[in-house]
There are 2 protein chains.
Amino acid sequence: MVIRPHGFAIWEFLRDELDSRIKKSGARNAYFPLLIPQSFLSKEAAHVDGFSKECAVVTHHRLRAVPGAPPGNLEPDPDAKLEEPLIVRPTSETIIWHMFGRWIQSYRDLPLALNQWANVVRWEMRTRPFLRTSEFLWQEGHTAHATAEEADAKAKEMIHLYADVTRQMLAIPVVMGVKSPSERFAGAEDTYTIEGLMQNGWALQAATSHFLGQNFAKAFDVTYKSSDGDEEHVWATSWGITTRMIGALIMTHSDDTGLVLPPAVAPVQVALVLIFKSEEQRKAVVQFADAAFSRLKARGLRVAVDDRPNMRPGAKYYEWERKGVPLRMEIGPRDAAKNAVFAAKRIGGAKQSIPVDEDFEAVTCSLLEEIQQEMLQRAEERLKSRTRRVASYAEMKDLVAAGGEDSGMFLVPWKCDSGNERKVREETKATLRCYPLEGQEECIGKDCIYSGDPATHMAVFARNY
Amino acid sequence: MVIRPHGFAIWEFLRDELDSRIKKSGARNAYFPLLIPQSFLSKEAAHVDGFSKECAVVTHHRLRAVPGAPPGNLEPDPDAKLEEPLIVRPTSETIIWHMFGRWIQSYRDLPLALNQWANVVRWEMRTRPFLRTSEFLWQEGHTAHATAEEADAKAKEMIHLYADVTRQMLAIPVVMGVKSPSERFAGAEDTYTIEGLMQNGWALQAATSHFLGQNFAKAFDVTYKSSDGDEEHVWATSWGITTRMIGALIMTHSDDTGLVLPPAVAPVQVALVLIFKSEEQRKAVVQFADAAFSRLKARGLRVAVDDRPNMRPGAKYYEWERKGVPLRMEIGPRDAAKNAVFAAKRIGGAKQSIPVDEDFEAVTCSLLEEIQQEMLQRAEERLKSRTRRVASYAEMKDLVAAGGEDSGMFLVPWKCDSGNERKVREETKATLRCYPLEGQEECIGKDCIYSGDPATHMAVFARNY
């Protein structure tokens, strides 16, 4: 996967906001090695099962020319074989807990909260751009605590933080919940998740936060001396969000014309498109547009000027629409003459002439704010109307199979059971996305949609990326 | 290598400043894959020679349990062997030029300037923390141009940018020069470098910028249609600066007490150290310090408050000194009573009482500015006094061998010759660091210090990290 500048800029805006909020939450950034000895992976039993089957393995530290072959033919040098293979990190719990063991001695060292911005590799046989790639970029936070309660509260705090940023910046509403045992992170006691609903009715796991119990502390023997002088294992969390969010953004908001980007993360928020036929017109329009550009720029907005000659206005409009730019301002000789621009929002509402008077910046900002809100509202309505309560398993199965508008998330009473979960997946291709954090009381007195036994949870099923 | 939060914060300040300047220079950030097919490396002949001997090679995409062994014993799964090994990027020219070939068609696509913040791996048998590590973090810029002149100018522009940031933020003065042919980057026509002088008299290459000619364009067949309609190969540069700079910072400024950090990158710029014996004193001092803290914080300074009880003031002072904090403000009951703090600079000048009046923030800022300037001045004096013109090769050899105060950089007339360069290295352990960009005219009419032939350059020799 290559992330080109337009896509990478979106990631940068999201990253900067997350970085600032994560620091405010008390975590500090650090950096741990990319290459991890394979024996580290083995120390936590569930972790090795989860990741050993999809990791890139480094076995040599040198290439050599293939003996007897033409120049340029290379092979791993048998004399440079590593005694112990290294794996490219699929996640960093093992190396971080190896270090936590050296850093944590006393209750005074707790809580310890570190965050890392990094690349990770989880080998994928079938990849999808942004959604499922062997390498992705992410942020991974790791914390150690004196008590289970404090660790679990931290795991919940971070999933709320992710839900909040996803909603505010990306205009993606999510269902917040906890994973069923079979969908937990390898080595976690509980995995909290946020799940978005894409336009095709499929769910997408947007971020996760794990309460790791004492599993890693025990695997790496990380203890602390409590204020009473007892040696106790510490309690842990980890939590992450990835470049997959760029994929979620595309799949949530795009339309038939192309991308639709929320102003909060759009690399270009306002495109000034200049329209002119003669050199005289060009001069007047450019002068007027430059002044408008400077004012919006000074207000901190991200603005582009499209003054390309020899290109039809319609072709210019289409290009900015395709790129998802939230607000286009057309400026022709007549607009310049009457000291106005003709504004077209990427979604919602008709074009309108806006005077370039003392309110120009404020009006532009409020148009952008409207677009951001409109995008969120549309996505929220979709999530609401396509989260269905069905009367029977048969109905859910039919609707999942129908796909498109009829499909979505299915909120059903469920008795927690890994075997039945697997059967539903095999029969419908829908998976148990989560038990929502809110509204669990609805299951009381209801029967499981699959087994008919008394329900233990309200569960969300959906097909997923 | 693990970079802990205190060190990583320094990297973040440096990175943010570089990122902003690199964007202003016209480059946009993007991201390219970590794992590169080994055949890509072979396409540029010099490049493969330079990097194939020190790269981590991924040969498998799965581990398996060792058959018959106890659980937890893993090995690369023979059924998951890659058809073509992948290398962990030692640098990204090959993958980037593979993509440039798809993106560049016409002169309108030029210049193309991309930057990437990434981790790279160059296998090291003997490592040193921060200075020589198998994995390091860096920024790598890659540009494509229509003409050789424009590309060479870009390579020079970026080495100037690095020299400027290194000097302004890290208070490290450098010698800017060009590498001799044998020290060039693998695949470059010219490598520009900045070299700092550490306190032990060794040089450290701080950053490099390469004019790549058409080598990569030809290896990856990247051409553009000129405005005349001709197909021509493009011209290239690449340039990078790494986490090694944290090592350069430590080796340039530290003293016997510990770190000395320039205010521009210090994670904590001002430490307020509270001194009290009774609870009554504590209350008064804390209240006074909180107000001072808020004012400095509001000015954008990075401030820490040390209100630890049961710790001797001397122990607190020592800890903040060891951490390299530029400015310490001691606040005891008497200071609070007279509305002042007692300020101690980490280097340069005696302690002084500073009133917490309306000029408090301004005085604090100017103290920090003084420290930054004092650090730069000291480093400049050292670079100047220890850059020596020697009368003979024998003298240089003796001084290099003596080391310490007597050693440093040796500016000598030289006839460019890779063989003689190698001999000097074998005989003295000093290497040819660069031909300085300024002052080359000094060589005119002089004879090479080694061969006795007419000199072609003024060269800087030094031992180096």
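Going by an unreviewed UniProt entry, chain A carries the name proline--tRNA ligase and comes from Chondrus crispus.

Bringing the overall build of chain A into the picture now. Check the secondary structure of chain A and you find 13 helices and 23 strands. Summarising its shape, the C-alpha atoms of chain A cover approximately 80 × 70 × 55 Å along the three principal directions. Counting the 465 residues in chain A, one finds 56% classified as buried. Put simply, 69% of the contacts in chain A that link residues at least 6 apart link residues at least 24 apart. Of the roughly 19600 Å² of accessible surface on chain A, a fraction of 49% belongs to carbon and sulfur atoms. Charge-centre separation for chain A: the mean point of 59 positive side chains lies 5 Å from the mean point of 64 negative side chains.

Mapping chain B onto chain A leaves a residual RMSD of 0.0 Å; the transformation is a rotation of 180 degrees accompanied by 0.0 Å of translation along its axis. The two molecules are tied by a two-fold rotation axis, judged by turn and shift. The position closest to the rotation axis in chain B is occupied by the C-alpha of B:Val58, lying 2.1 Å away. Most of the interface of chain B is mirrored in chain A, where 100% of its interface residues again form contacts.

It is worth spelling out helix 5 (residues 148-170) of chain B at this point. Residues that lie three or four places apart on an α-helix share one face, since the helix turns once every 3.6 residues. With 23 residues, helix 5 of chain B should cover 33 Å at 1.5 Å per step; its first-to-last C-alpha distance of 32 Å lies within 8% of that length. Just beyond helix 5 of chain B, the residue with positive phi is B:Ala171, at close to 55 degrees.

A few words on helix 13 (residues 418-428) of chain B. Residues and elements named next belong to chain B. Within the span of helix 13, buried status applies to Asn-420, Glu-421, Val-424 and Thr-428. One face of helix 13 carries all of its buried residues, which in axial projection span an arc of 105 degrees. Where helix 13 is buried, its residues contact helix 12 (393-402), strand 21 (409-414), strand 22 (431-436) and strand 23 (457-462). Regarding helix 13, its N-cap is Asp-417, as a side-chain oxygen of that residue lies 2.8 Å from the backbone nitrogen of Gly-419 further along.

Okay, the interface of chain B and chain A next. Contacts between the two partners involve 53 residues from chain B and, on the opposite side, 53 residues from chain A. Among the residues of chain B in contact with chain A, B:Tyr31, B:His61 and B:Leu63 are the three that bury the most area, contributing 15% of the side total. There are two salt bridges connecting chain B and chain A. One salt bridge in this structure joins B:Lys23 and A:Glu12, with 3.3 Å as the shortest N-O distance. Where chain B touches chain A, the interface holds 28 residue pairs in polar contact (both at pLDDT 80 or more).

Below, the discussion takes up the pattern of salt bridges. By the definition in use, this model includes 62 salt bridges over all chains. The salt bridge partner of B:Arg64 is B:Glu75, with a shortest N-O separation of 2.7 Å. Of this pair, B:Arg64 sits in strand 4 (residues 63-65) while B:Glu75 is found in strand 5 (residues 74-76), placing the two residues 11 residues apart along the sequence. Salt-bridge contacts for B:Asp306 lead to B:Lys316; the nearest nitrogen and oxygen are separated by 3.9 Å. Here the residue B:Asp306 occupies a position in strand 16 (residues 303-306), and B:Lys316 occupies one in helix 9 (residues 313-322), the gap between them amounting to 10 residues. Residue B:Asp306 is classed as buried on the basis of its relative accessible area, which comes to 2%. It is possible to trace a salt-bridge network through shared partners that takes in A:Glu12, A:Arg15, A:Asp16, B:Asp19 and B:Lys23.

Sheets are built from strands paired through backbone hydrogen bonds, the pairs being either parallel or antiparallel. Residues and elements named next belong to chain B. As summarised here, the arrangement of the 11 strands in space is 1-7-8-14-11-10-9-22-23-21-20, forming an open sheet in which the pairing is mixed. Every interior strand has two partners, whereas the edge strands, strand 1 (28-29) and strand 20 (387-388), have only one. As defined by bridge partners, strand 11 (residues 203-213) adjoins strand 14 (residues 235-242) across six bridges and the pair is classed as antiparallel. Following the sheet pairing, Gly-213 is matched in strand 14 by Ala-236. Its contacts with the sheet put helix 13 on strand 21, strand 22 and strand 23, and the angle it makes with strand 21 is roughly 145 degrees.

Moving on to the sheet that holds strand 3 (residues 57-60) of chain A. With antiparallel pairing, the six strands of this open sheet are ordered in space as 2(A)-6(A)-3(A)-3(B)-6(B)-2(B). With partners counted over all chains shown, the strands left at the sheet margins are strand 2 (35-37) of chain A together with strand 2 (35-37) of chain B, one partner each. Pairwise comparison of adjacent strand axes, ignoring direction, gives a mean angle of 45 degrees for this sheet. Pairing of strand 2 of chain B with strand 6 (residues 81-88) of chain B involves three bridges; the strand directions are antiparallel. Paired with B:Pro37 across the strands is B:Leu86, a residue of strand 6 of chain B.

What counts as what
Residues numbered from 1 in each chain as written. Chains lettered and ligands numbered in written order. Predicted model: local features only at pLDDT ≥ 70, side-chain atom pairs only at ≥ 80, totals over all residues. Heavy atoms only, no water. Helix = DSSP H or I, 4+ residues; strand = E, 2+ residues; numbered from the N terminus. Buried < 20%, exposed > 50% of the residue type's maximum accessible area, 1.4 Å probe, protein only. Contact = heavy atoms within 4.5 Å. Areas by Shrake-Rupley, 256 points an atom, 1.4 Å probe, with all protein chains shown as cover. Lys, Arg positive; Asp, Glu negative; His and termini not counted. Charge placed at Lys NZ, Arg CZ, Asp CG, Glu CD. Least-squares fit on C-alpha atoms with pLDDT ≥ 70 in both. Expected span 1.5 Å × (residues − 1). Arc of directions from axis to C-beta. Polar contact = N/O pair within 3.5 Å; in protein donor to acceptor, adjacent residues only side chain to side chain. Buried area = accessible area lost by both parts, 1.4 Å probe. Salt bridge = Lys/Arg side-chain N within 4 Å of Asp/Glu carboxyl O. Pairing = 2+ DSSP bridges. Axes fitted to C-alpha atoms, helices over the stretch in contact; angles between N-to-C directions.

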